[in-house]
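Summary of structural features
What follows is each chain in one-letter form.
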Amino acid sequence: MPTKKKPEITSAAVWLRVDELTPWKHNPRKNDHAVERVAKNIEALGFGTPIVARVMPDGSHEVIAGHTRLKAMKWLLANRGEGFTAQGTPGPGIVPVRVLEHLTDDQAAALALADNKLSEMSAWDDGMLADLLRELDEQQRANTGFESFEIEKLFGTPVENPLDEWQGMPEFEGEKLSKRHIVVHFKNDDDARAFGEL
């Protein structure tokens, strides 16, 4: 009986310099507020996920997913020095990139949008999440992306029904309760974080 030939395994990602990557000009995601936090995560842990790019007709590499990681690495080079090298990478300013060569313009756009949107559909198991966070020391908790007030809430007594907090407020008396949205605008990220920690 003939044996099956094993497929040739190639690397899933390549190493590229940040200046070899061009952000997708149609990226609708507003991510500037997250850059410094992602940068600090990369500085502490290295790259857990590569940037995804495609090769353009002129030979350049257009980013499809990972715009925040790219901005974060640029932030690190600007704030930690041109010689900054992320853990696990071969040199300064070098990032892991998954290069996809088969995508049409429409497929690249769909993947870029899906990369952000599909992650929003997942929910957390609060009990399991709290257990995992308890196992981490304070420094590693800071590398998870969770704000301190979120962690404190997970470690405390969860509110059974968040709408219970609104019961008795004048605009809710006699009304059938439904989902409420409050929009708060802040001058900067520090003000937003401070408000979140109240």
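Residues numbered from 1 in each chain as written. Predicted model: local features only at pLDDT ≥ 70, side-chain atom pairs only at ≥ 80, totals over all residues. Heavy atoms only, no water.

A word on the environment of Pro96
Locating Pro96 in the fold gives a position in strand 5 (residues 94-100). The spatial distance from the C-alpha of Pro96 to the C-alpha of Gly48 is 9.4 Å, given a sequence separation of 48 residues. (Helix = DSSP H or I, 4+ residues; strand = E, 2+ residues; numbered from the N terminus.)

Quick notes on the side chain of Asn31
Take Asn31: it is sitting in the loop between strand 2 (21-22) and helix 1 (35-45). Excluding its chain neighbours within four sequence positions, the residues that come into contact with Asn31 are His67, Thr68 and Lys71. (Contact = heavy atoms within 4.5 Å.)

Remarks on the packing of helix 4 (residues 126-135) against helix 6 (residues 148-155)
The geometry of helix 4 relative to helix 6 is characterised by a closest axis approach of 9 Å and an angle of 115 degrees between their N-to-C directions. The orientation of helix 4 with respect to helix 6, classified from their angle, is roughly perpendicular. Of the two possible hands of crossing, helix 4 and helix 6 adopt the one that is left-handed. Contact residues: helix 4 offers Asp126, Leu129, Ala130, Leu133 and Arg134, while helix 6 offers Ile151, Leu154 and Phe155. In terms of residue class, the contact of helix 4 with helix 6 is made up of 6 nonpolar, no polar and 2 charged. (Axes fitted to C-alpha atoms, helices over the stretch in contact; angles between N-to-C directions. Parallel < 35°, antiparallel > 145°, perpendicular 65-115°, else oblique. Left-handed = near helix turned anticlockwise from the far one by under 90°. Nonpolar A, V, L, I, M, F, W, Y, C, P; charged D, E, K, R; others polar.)

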